[in-house]
Amino acid sequence: MRHALETEPTVKHPSAALACISLCCSLLGAGCAEDGSRAEPLDYPSKGGPPEPCPDPGQEQLSTDAATVFGVDAVELLAGVQPRQPQPLFWVPYDGVGATAYGPGVSTTSVTLTLSLREGEPVQQRSFSQPDPVGYWCPSSVELPVRVTLQSADGALDQQLDTVLEFWSRSNAGLGAFVPTAELAGSLDFAQGEGQELLGLHIGASLWPGGSRGSVAPELRVLGSIRAPRLLPRGALGGSSESATPSLPQRWNLLAVWPRREACSSGTVYDAADQPDGWSAQQAARELTSHGAGTLVTAEGSTPVQFTIEPPTGLVCLEGDLRQSPELSFEVTGRLAAVASEPPAPLEHLDASARFLLRV
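Residues numbered from 1 in each chain as written. Predicted model: local features only at pLDDT ≥ 70, side-chain atom pairs only at ≥ 80, totals over all residues. Heavy atoms only, no water.

Draft legend 1. Just the side chain of Gln282, in detail. Tracing the backbone shows Gln282 in helix 3 (residues 281-289). Discounting residues that sit within four places of it in the chain, Gln282 has contacts with Ala272, Ala273, Pro312 and Thr313. (Helix = DSSP H or I, 4+ residues; strand = E, 2+ residues; numbered from the N terminus. Contact = heavy atoms within 4.5 Å.)

Draft legend 2. Expanded view of the environment of Val222. Within the element layout of this structure, Val222 appears in strand 13 (residues 211-222). Sequence separation between Val222 and Glu194 is 28 residues, and the spatial gap between their C-alpha atoms is 8.9 Å.

Draft legend 3. Spatial organisation of the nonpolar core. Formed by 42 residues in total, the largest nonpolar core has its most connected members in Trp91, Leu113, Leu115, Leu144, Leu165, Phe167 and Leu255. When sequence neighbours within four positions are dropped, the list of residues in contact with Phe167 reads Phe70, Leu77, Leu78, Val81, Ser140, Ser141, Val142, Leu144, Asn172 and Ala173. Ala272, Ala285, Phe307 and Phe330 belong to the second-largest nonpolar core, a separate cluster that totals 26 residues. (Core = buried A, V, L, I, M, F, W, Y, C linked by side-chain atoms within 4.5 Å. Buried < 20%, exposed > 50% of the residue type's maximum accessible area, 1.4 Å probe, protein only.)

Draft legend 4. Structural context of the state of the cysteines. For the coordinates displayed, the defined rule picks out one disulfide. With a sulfur-sulfur separation of 1.8 Å, Cys264 is cross-linked through a disulfide to Cys317. Linking Cys264 and Cys317, the disulfide has an S-S dihedral of approximately -95° and is accordingly described as left-handed. You can see Cys264 sitting in the loop between strand 14 (256-258) and strand 15 (268-271) and its partner Cys317 sitting in strand 18 (residues 315-318), a full 53 residues away along the chain. Each member of the pair Cys264 and Cys317 is classed as buried. (Disulfide = S-S within 2.5 Å.)

Draft legend 5. How the structure looks around the packing of aromatic side chains. If you walk through the whole model with that rule in mind, you get five aromatic pairs. Between the aromatic rings of Phe307 and Phe356, the centroid separation amounts to 5.5 Å while the plane-to-plane angle is 85°, which identifies the pairing as edge-to-face. Residue Phe307 is found in strand 17 (residues 301-309), and its partner Phe356 is found in strand 20 (residues 351-359); the two are separated by 49 residues along the sequence. (Phe/Tyr/Trp six-rings, centres within 6.5 Å; stacked < 30°, edge-to-face > 60°.)

Draft legend 6. Focus on empty space enclosed by the protein. Per the counting criterion, the structure on display carries one cavity of 30 Å³ or more. Lining the largest cavity are Pro83, Gln85, Gln87, Val111, Thr112, Leu113, Ser212 and Trp258. Element by element, the count of residues in the lining of the largest cavity is highest for strand 6 (residues 107-117), at three residues. Among the residues forming the lining of the largest cavity, the class breakdown is four nonpolar, four polar and no charged. (1 Å grid on protein atoms, 1.4 Å probe; cavity = no way out; pocket = protein on both sides within 12 Å on 5 of 7 lines; lining within 4 Å. Points joined across faces, edges and corners; volume = space filled by probe spheres on them. Nonpolar A, V, L, I, M, F, W, Y, C, P; charged D, E, K, R; others polar.)

Draft legend 7. Structural view of the pattern of salt bridges. Taken as a whole, this structure holds nine salt bridges when the rule is applied. In this structure, Glu166 engages Arg126 in a salt bridge whose closest nitrogen and oxygen atoms are separated by 3.2 Å. One end of the pair, Glu166, is in strand 9 (residues 158-169); the other, Arg126, is in strand 7 (residues 123-127), and 40 residues separate them in sequence. What makes Arg126 partly exposed here is its relative accessible area of 26%. Among the salt bridges present, the one from Glu331 reaches Arg355, with a minimum N-O distance of 3.4 Å. Placement of Glu331 in strand 19 (residues 329-338) and of Arg355 in strand 20 is noted, with a sequence separation of 24 residues between them. Among the charged side chains, a salt-bridge network with shared partners connects Arg126, Glu143 and Glu166. (Salt bridge = Lys/Arg side-chain N within 4 Å of Asp/Glu carboxyl O.)

Below you can see the structure in the form of structure tokens.
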């Protein structure tokens, strides 16, 4: 885990401020200047790169029962992220292009996502036989040929499509597909404005053990033009200006999202218990706290201390893209406090708190 100090602590014992900040930095692996102010994180080998390019990956075709670079075969990979229950689906107030309307309109239902391997088609794998160049991350990936069934309880979506499910780790995968208008099934009714033509729907989803998230977006063009009109960027816009505060977007260029409507101005909204890459924000906070005991040494003597991270609850914003970096980050509240001892320690009144950015 890599961690960076987000703000200076609020210290209830002013004479201990510098020592507290220094210890916070030591415990968290964050860099601090000599005066206790914020500095850049320690110089860990970065995987954000790119001082050196990745070599060309090895590409191979595998059978569905052959072990992949992630240690299991395609059948087990798919089973690990297979959605096991319906998710809430929200039809949202689409305003990506004016003078359009759709049915069922703004409402809430549920969606069932089911995936199966397409028989007789190979698995595509890209992997690197050599270690990553220092300062760079070279991600391996595995692509599974899948058949996707997407059905909403209100009948608006009843789609079956063939696409590729790409894994960036054993516990994180994503898919995307475009469904032309002529192939759309279900009762969804889209009324485009004058001079516009609905070309079809984009369907995207990401999956992890125990959860999934996704969206449905229309693709339109002006009649007589070979180019689609300029749309808002994919995904919901608006929301809070603070990345750690998920909120409802003010504008939408999507028709539907699952399993929630909230969005972040930076990052992606997850429940604190979700495990998008095999761990949750709650697990990361508890793991750090389990290593938080230490001793603060000053000229006056030693003080036993405990650093704790408050596990997040509810919705959190995780920043990062697992297709480009192995790291995700999120904000938490940390506390450094003296542990009661006999005789009383020199800094027995030490009690400091701060907001931290955890990079996991």
